[in-house]
Structure formats: structure tokens, C-alpha cells
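Each chain, letter by letter, is given below.
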Amino acid sequence: MVQGVHSSVSATLDLAGCLPEFEVGTARSLWATALPRLRSEVGADAYRAWIEPLRLVGLDNASVTFGAPNGYAVARLTTDYLHRLQARWSALDPVGRRVRLIVADADMIHANSSLVQEANDDDAELGLAGTSAEPVELSASAKTFANFEVGEANRVAVAIARGLAEGPGTGDLVFFHGLHGVGKTHLLEAIAGRLRETSPKKRVLLLTAQRFLNEFQSALRDRETGPFKAAVRGADILLIDDLQLICGKSATQDEFFQTLDDLISRGRTVVCTADVAVDGLQGLNSRMRCVLQGGFTAKINEPDFELRRAIARRKISELNARRSGFDLSEEAIDLIAARITGTGRAVEGAVKQVFAASTLIGREASMEVVIEALSGNWSPPEKSVPVETIKRRVAAFYDLSLEDLVSQRRHRAVARPRQVAMYFCKRLTRRSFPDIGQRFGGRDHTTVMHAVKRIEELAAEDVAFAAELQEIGRKITE
Ligand SMILES: Nc1ncnc2c1ncn2[C@@H]1O[C@H](COP(=O)(O)OP(=O)(O)OP(=O)(O)O)[C@@H](O)[C@H]1O
């Protein structure tokens with residue numbers, strides 16, 4: 001998994017058992033020796049932004065591991081600075097260990113916050129810090145604006161996020177909400193990553209609300225809330241993910257409210273996400289509700305067909321970086337986007353499933369492999385409806401005969417209702433594209449895929465058509 005972050009300048013000898021003593025303490029002083037040189041090589045700003053936050057978190061016979069505060073930092077370090085880190089390290093280490101980079105703590109972004117500092121200091125004793133340290137799958141997990149696909153579903157949220165990342169205002173409170181998997185965390189990480197580039201001096205803290213809760217409760221238990229408060233309130237920009245997790249926890253909510261109040265009154269920025277809109281947050285106290293309602297709010301919707309295609313393409317190219325040669329045809333991408341009608345995470349999961357299937361059998365991801373891999377992954381229809389019922393209800397709605405609906409006539413007055421009927425067959429049954437095609441006058445599966453896509457596009461563009469679809473859907477399922 002970590003191969004992606006290895007430098008090519010690596011020692012590949014099997015050194016186990018024949019190493020000179022090389023303790024963690026030695027490694028730390030060696031790193032301390034390398035730092036001034038690195039600073040002069042990369043310049044003070046880049047040093048502060050990328051290298052200074054690194055912590056030595058692991059050491060074995062073959063490699064030395066540094067923890068960076070997030071996937072974005074790992075990606076940036078790997079592309080721009082790993083060769084230098086490796087060169088400096090190799091010049092000092094008698095056995096030339098390979099330099100590896102991992103995310104030391106996915107929740108905490110800002111390495112200079114006292115919370116992270118303390119964690120690193122404690123962990124350093126162990127040589128392998130933070131049991132939570134997870135190796136990073138490089139391109140797949142660095143969440144940036146560059147790898148976040150934009151469409152109607154998330155355009156407003158992305159514009160706000162970009163604005164914050166380029167230059168946060170003073171005292172802004174922003175609230176993003178949307179279903180699980182629509183990309184809220186991705187956006188927060190993108191904001192944090194970009195801020196580290198544009199404003200390396202700003203203290204950016206990204207926490208899940210769960211982490212906020214845990215840290216706060218453990219501080220309460222120890223009767224020592226001061227350091228926790230100082231760390232959180234010391235942020236210039238506080239990003240809190242999954243706010244719904246602290247709803248109903250009254251002491252934590254109060255603390256969060258005070259934090260928010262304190263930060264905003266001092267012109268700092270707070271960004272929160274949740275899986276529902278403010279009104280839907282159960283157990284949120286009225287003060288918090290009121291404050292959140294006063295901020296900027298943007299909903300991130302589920303992606304439409306086009307956006308799902310873009311996300312699928314993006315995830316394919318990220319996986320391609322891990323196994324070159326992995327690619328999918330446009331037809332296969334259409335199939336995924338038409339069939340996986342959930343969130344970005346669902347699309348990503350489907351692509352990964354195809355990747356795993358084609359890797360397992362050591363074959364190209366042909367259409368056959370894609371269909372096979374996704375067969376257990378179809379989103380279940382909300383309600384299973386016989387194809388004949390769909391055809392009859394759609395024909396009745398448009399005042400057409402059943403024969404017209406399945407005929408070869410291509411006049412728009414017949415072709416559009418046919419597409420609508422195909423769309424509902426896909427949405428409300430488990431039938432495959434070829435099967436549906438067969439039931440509409442022996443048409444090809446690509447015609448059905450095109451129909452689904454077209455209807456989704458029209459519904460996104462035209463409110464009246466979306467309402468018409470809803471009405472037809474209601475008639476079919478009543
Ligand atoms: N528009 C998009 N472009 C690229 N990737 C996306 C997009 N939307 C979602 N994803 C991907 O889907 C996955 C899930 O996204 P993320 O974790 O950000 O969702 P979330 O809304 O925070 O979910 P949760 O509420 O469960 O935390 C991530 O790997 C993310 O990169």
C-alpha cells in the first residue's frame with residue numbers, strides 16, 4: 001500500500017539482523033542534523049509549511065517513517081520534496097534507509113497545534129507513533145480541490161469552499177450539509193490543504209466532531225480542560241466534520257458553542273459539516289441552532305449522471321496511478337454512472353470493486369468484468385415494479401398506446417416517453433440494460449443507457465420536467 005510513497009533512491013538490501021545499533025534517539029538527532037540543510041534547500045516558507053511539521057514515527061531495518069498531518073501534505077511532500085528528504089537522509093544514515101511518509105493522524109491537520117505536538121512528543125518514545133497511523137494510498141487519498149469533481153450538485157458548496165481556502169473572511173461561519181458520502185470531508189480537507197499552501201502561517205485545525213467530543217471529555221475527566229481549549233481556540237480556521245455527532249451531548253455542545261463564539265468574535269473562521277440541514281439536527285440546543293442558522297449554508301446534493309461519470313473517471317485515474325494499465329471504456333463508465341445512483345462514495349466503491357475484480361483475475365476490466373463486478377452492487381430499487389406496469393402507466397400519462405411506446409418510431413412525441421419509461425425501468429426494477437432494451441422493441445443496451453442519462457439531464461435542467469417525472473413516478477408506484 002505504501003509503495004506509492006517510496007523514493008526510488010532506496011536501499012533495497014535485506015539488512016535484517018546485520019544492522020549496527022541504530023536507536024530511535026540516533027534517528028531523531030540525525031533528522032535534527034538534516035533539517036537546517038533542508039531548510040536552506042527548500043526555502044523558509046516551504047520548510048515551515050511542509051517539512052517542519054513532519055514527525056519521526058517509525059524506524060526499522062529498511063525504512064524510516066515520517067508522519068505528516070494529512071494526506072494532502074503527504075502528496076505534496078512526495079511530489080516536491082521526497083527526493084530531497086531521501087537525499088539528506090541517505091547522506092547521514094549509514095545503511096541508507098528508505099524514507100516513507102504516512103499520515104500520522106488523519107483527524108488533526110495542523111501540526112503546530114498543541115494537541116498534535118503533545119501527541120507526537122509522547123509517541124516518539126515508541127519509535128512507532130500513534131497506533132492510528134495509517135499508511136497513505138497516495139493519489140487515492142489526498143483530498144484536494146484538484147481531485148474534487150464539480151457539478152450542479154455541489155457547485156455552490158465548492159465555490160464557498162474555494163473562497164475560504166483562497167482567503168477566509170473574518171468571523172465567517174459556514175455550514176455544509178448533505179448525505180453521507182457526497183464529499184463533505186473531501187471538501188474540508190481540500191480547504192485545509194489549500195490553506196497550508198496559501199497561508200502557511202495560519203493555524204488550521206480539522207477535527208471530526210467525534211474527536212472534539214473525545215478530547216473534550218477526556219480533558220474533563222482529567223479536570224484539565226485548559227490545554228484542550230487553548231488548542232482549539234488557538235485555531236485561525238476551525239473545521240469540524242460530522243457535527244451531528246455532538247448533538248445531544250449537552251456539555252460538549254456548550255463547549256463547542258463557546259469555542260465557536262470565541263473564534264468568531266475574534267474574526268476567526270469556523271466551517272462545519274453535518275449529514276442533515278440545521279433544522280434536521282436532532283438534539284441540537286437552541287443557541288447552537290440559532291448561531292448555525294446565521295452562517296452561510298450550502299447543501300451538497302447527490303451527484304447527477306454527469307457528475308457520477310466525472311467522479312468515476314477521477315477514481316479510475318487515481319487507481320491507475322496504483323496499477324498502471326487499469327482503465328475503463330466510456331461504455332463501462334456510463335454503465336457505472338447509470339447504475340450506481342447514490343453518492344460519490346458509492347461511485348468510488350463501484351470503481352474499486354471493478355478494480356479489485358480485474359486485479360484478482362489478472363485481466364483487463366472489460367465490460368463483462370464490470371457487469372460481473374457490479375452485479376452485487378446495484379442500488380436496490382425503492383420498490384420493485386413490473387416492467388409492464390411501468391410501460392402502461394407511462395403510456396397512459398402521455399396518452400400513447402403500448403405499441404407506440406415499444407415501436408421503432410423516433411418522433412419526439414413517442415421517443416421521449418419511451419426514454420422516460422426506460423428510465424423508470426432502470427430506477428424501479430433490477431433489470432439489466434440489455435434486458436430493458438429487449439423489452440422495448442429489442443433495442444440495444446446503449447440506447448437504454450443513453451435514455452437514462454438524457455432523462456436525468458433534462459430533470460436537472462428543467463424544473464417542470466422534474467416535476468412531471470415525479471408525478472409519473474408517483475402514478476407508477478401508487
Ligand atoms: N465530487 C466528488 N469528486 C471526487 N470525489 C468525490 C466526490 N464526492 C465524493 N467523493 C469521494 O467519495 C468519498 C466519500 O467522500 P467524503 O468522505 O468526503 O463524504 P462525506 O460527505 O464526508 O461522508 P460522511 O458524511 O460519511 O463523512 C471520498 O473518497 C471522496 O473523495
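Just so it is clear, the model here is predicted, and its values are computed rather than measured.

> Can you lay out the nonpolar core for me, pointing to particular residues and giving the numbers?
Counting residues in hydrophobic clusters, the biggest one holds 54 residues, and the most contacted among them are Phe326, Leu328, Ile336, Val354 and Phe424. Broken down by element, this core gets its largest block of residues, eight residues, from helix α19 (residues 412-428). Here this core spans two domains, since at least three of its residues come from each of domain 3 (305-374) and domain 4 (387-477). Counting residues in each nonpolar core, the second largest holds 29 residues, with Ala219, Phe256, Val270 and Leu284 among its members.

> Can you explain the packing of helix α10 (residues 226-233) against helix α11 (residues 250-265)? Please cite residues and give values.
At a minimum axis separation of 10 Å, α10 and α11 run at an interaxial angle of 45°. By the angle between their directions, the pair α10 and α11 is classed as oblique. Both α10 and α11 take part in a crossing whose hand is right-handed. The residues of α11 that touch α10, namely those facing Phe228, Lys229, Val232 and Arg233, are Glu255, Gln258, Thr259, Asp262 and Leu263.

> Residues and numbers for unusual backbone geometry, please.
Although it is not a glycine, Arg223 sits at a positive phi angle of roughly 50°. Residue placement: Arg223 occurs in the loop between α9 (209-221) and α10. Since its relative accessible area comes to 77%, Arg223 is described here as exposed. With a phi angle near 60°, Asp399 is a residue other than glycine that sits in the positive phi range.

> I'd love a proper account of the sheet that holds strand β8 (residues 269-274), names of residues and values included.
Strand-to-strand pairing in sheets goes through backbone hydrogen bonds, with the strands running parallel or antiparallel. Strand order in the open sheet formed by five strands is β6-β7-β8-β5-β9, with parallel pairing between adjacent strands. Edge positions in the sheet fall to β6 (204-208) and β9 (296-299), since each has one partner strand and no second. Looking at each pair of strands side by side, their axes are set apart by 15° on average, direction ignored. Of the pairings in the sheet, the one linking strand β7 (residues 237-241) to β8 comprises four bridges and is parallel in character. By the bridge assignment, Leu239 is partnered in β8 with Val271. Contacts between α9 and the sheet are confined to β6 and β7, with β6 contributing the most and set at about 90° to the helix.

> I'd like to hear about the site of the ligand, residue by residue, with values.
What surrounds the ligand is a group of 19 residues, the closest being His180, Gly181, Thr185, His186 and Glu348. Side-chain polar atom of His186 to an oxygen atom of the ligand: 2.7 Å apart, as the coordinates give it. Between the ligand and Glu348 there is a distance of 2.5 Å, counted from an oxygen atom to a side-chain nitrogen or oxygen. In isolation the ligand offers 640 Å² of accessible surface; the protein chains occlude 92% of this area. Every element with two or more residues in the shell around the ligand is listed here: α8 (184-198), α13 (305-322) and α15 (344-360). Across the shell around the ligand, the residue classes tally to four nonpolar, eight polar and seven charged. A domain-level breakdown of the shell around the ligand finds at least three residues from each of domain 2 (151-299) and domain 3 (305-374).

Scoring rules and cut-offs
Residues numbered from 1 in each chain as written. Predicted model: local features only at pLDDT ≥ 70, side-chain atom pairs only at ≥ 80, totals over all residues. Heavy atoms only, no water. Core = buried A, V, L, I, M, F, W, Y, C linked by side-chain atoms within 4.5 Å. Buried < 20%, exposed > 50% of the residue type's maximum accessible area, 1.4 Å probe, protein only. Helix = DSSP H or I, 4+ residues; strand = E, 2+ residues; numbered from the N terminus. Domains from an automatic or database assignment. Axes fitted to C-alpha atoms, helices over the stretch in contact; angles between N-to-C directions. Parallel < 35°, antiparallel > 145°, perpendicular 65-115°, else oblique. Left-handed = near helix turned anticlockwise from the far one by under 90°. Contact = heavy atoms within 4.5 Å. Pairing = 2+ DSSP bridges. Near = heavy atom within 4 Å. Polar contact = N/O pair within 3.5 Å; in protein donor to acceptor, adjacent residues only side chain to side chain. Areas by Shrake-Rupley, 256 points an atom, 1.4 Å probe, with all protein chains shown as cover. Nonpolar A, V, L, I, M, F, W, Y, C, P; charged D, E, K, R; others polar.

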